[in-house]
Amino acid sequence: NENDLKSCHKMNMQNKRDIRATAKTAVRAMDDTQKAVASASIFEYVMNMECVCRAATIALFSSLPDEPQTACTIATLAADGKRVVLPRVDGDNMDFFVYAPSAEGVRGQLASGAFGIAEPQGAERVAPSAIDVIVVPGVGFTRDGVRCGRGRGYYDKYLSRNDFRGFIIGVCYECQIFDEIPAEEHDVRMDEV
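Here the residue numbers are simple positions, counted from 1 along each chain's written sequence. The predicted nature of this model means local features are confined to residues of pLDDT at least 70 and side-chain atom pairs, given and counted, to a pLDDT of 80 or more, with totals for whole chains, interfaces and linings taken over all residues. Hydrogens and waters are ignored; side-chain quantities use all the structure's heavy atoms.

Draft legend 1. Structural context of the packing of aromatic side chains. For this analysis, a ring pair means two rings from Phe, Tyr or Trp (six-membered ring only for Trp) whose centres lie within 6.5 Å, classed as stacked if their planes differ by under 30 degrees, edge-to-face if by over 60, and tilted for the remaining angles. All told, the structure shown has three aromatic pairs when counted by the stated rule. One aromatic cluster is present, formed by Phe96, Tyr155, Tyr158 and Phe164 through successive ring pairs.

Draft legend 2. Focus on the pairing of strand β2 (residues 83-90). Of the strand pairs in this sheet, strand β1 (residues 57-59) and β2 are connected by three bridges, and their pairing is parallel. Paired with Ile58 across the bridge in β2 is Val84. Classification remark: right-handed applies to a crossover when, strands pointing away from the viewer, the course from the first strand over the helix to the second runs clockwise. Helix and strand definitions here come from DSSP, where helices need a minimum of 4 consecutive H or I residues and strands a minimum of 2 consecutive E residues; each element is numbered from the N-terminal end. For the handedness criterion, the β-α-β arrangement of β1, helix α5 (residues 71-79) and β2 is classed as right-handed. Note: β2 against strand β3 (residues 93-98), six bridges, orientation antiparallel. Bridge assignment links Pro87 to a residue of β3, and that residue is Phe96. The antiparallel pairing of β2 with β3 creates a hairpin that spans two residues between the two strands, and Gly91 there sits at a positive phi of about 65 degrees. Here, strands pair whenever DSSP counts at least two bridges between them.

Draft legend 3. Expanded view of helix α2 (residues 16-28). Counted at 1.5 Å a residue, the expected span for α2 with its 13 residues is 18 Å, and the 18 Å between its end C-alpha atoms agrees. Listing the buried residues of α2 in full gives Lys16, Ile19, Thr22, Ala23, Ala26 and Val27. Within α2, the buried residues cover an arc of 130 degrees as seen down the axis, which keeps them to one side. For α2, the exposed residues set more than 90 degrees away from the buried face come down to Arg17, Thr25 and Arg28. Polar contacts, as used here, are pairs of N or O atoms within 3.5 Å; protein pairs need one atom able to donate a hydrogen and one able to accept it. Residues neighboring in sequence count only if both atoms are side-chain atoms. Looking at where α2 begins, the residue whose side-chain oxygen comes 3.0 Å from the main-chain nitrogen of Arg17 is Asn15. Take the number of residues in a helix, subtract one, and multiply by 1.5 Å to get its expected span. Burial here depends on accessible area, computed with a 1.4 Å probe over protein chains only, as a share of the maximum for the residue type. Under 20% is buried, over 50% is exposed, and the range in between is partly exposed. Along the arc lie the directions from the helix axis toward the C-beta atoms.

Structure (structure tokens):
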């Protein structure tokens, strides 16, 4: 309910395990309509950001059921002539590959990859230096850009690459905003949440 969602972001968590558990519970409490409305609002804001409007290459993610839904945004940006790139995991590494729209829509050029996440197949790998803006999912964020991911470190490793210079946007539902998240040395801050 709404009071639970408001109290979630007021809590000060001691560790990332607690943050992940609290956020997971809060997102589970949202119904599909709430998620759809929130996702539309999040990505309407993102798509109107000046850095996104100016960007030639935008990195997004194939959303899982507990993340803001990206399918419409991916399709819209691709239709608008932006080069959309999506992540693909290989072992301990993550790289981004060009998304090519097809008649089947967003899922047409994607196949289930690591962790059951839809990934681009047979596509061109894009250098980190070519990405103008990257939109990053997270289990939790602070308003000033500290991120708590799922714990595998793929995004932190990628965003720490010497040749990555893009603007970093973290996206999540309101119930996933926390007053504090313990930041570790390897954690990369978002430029905007």
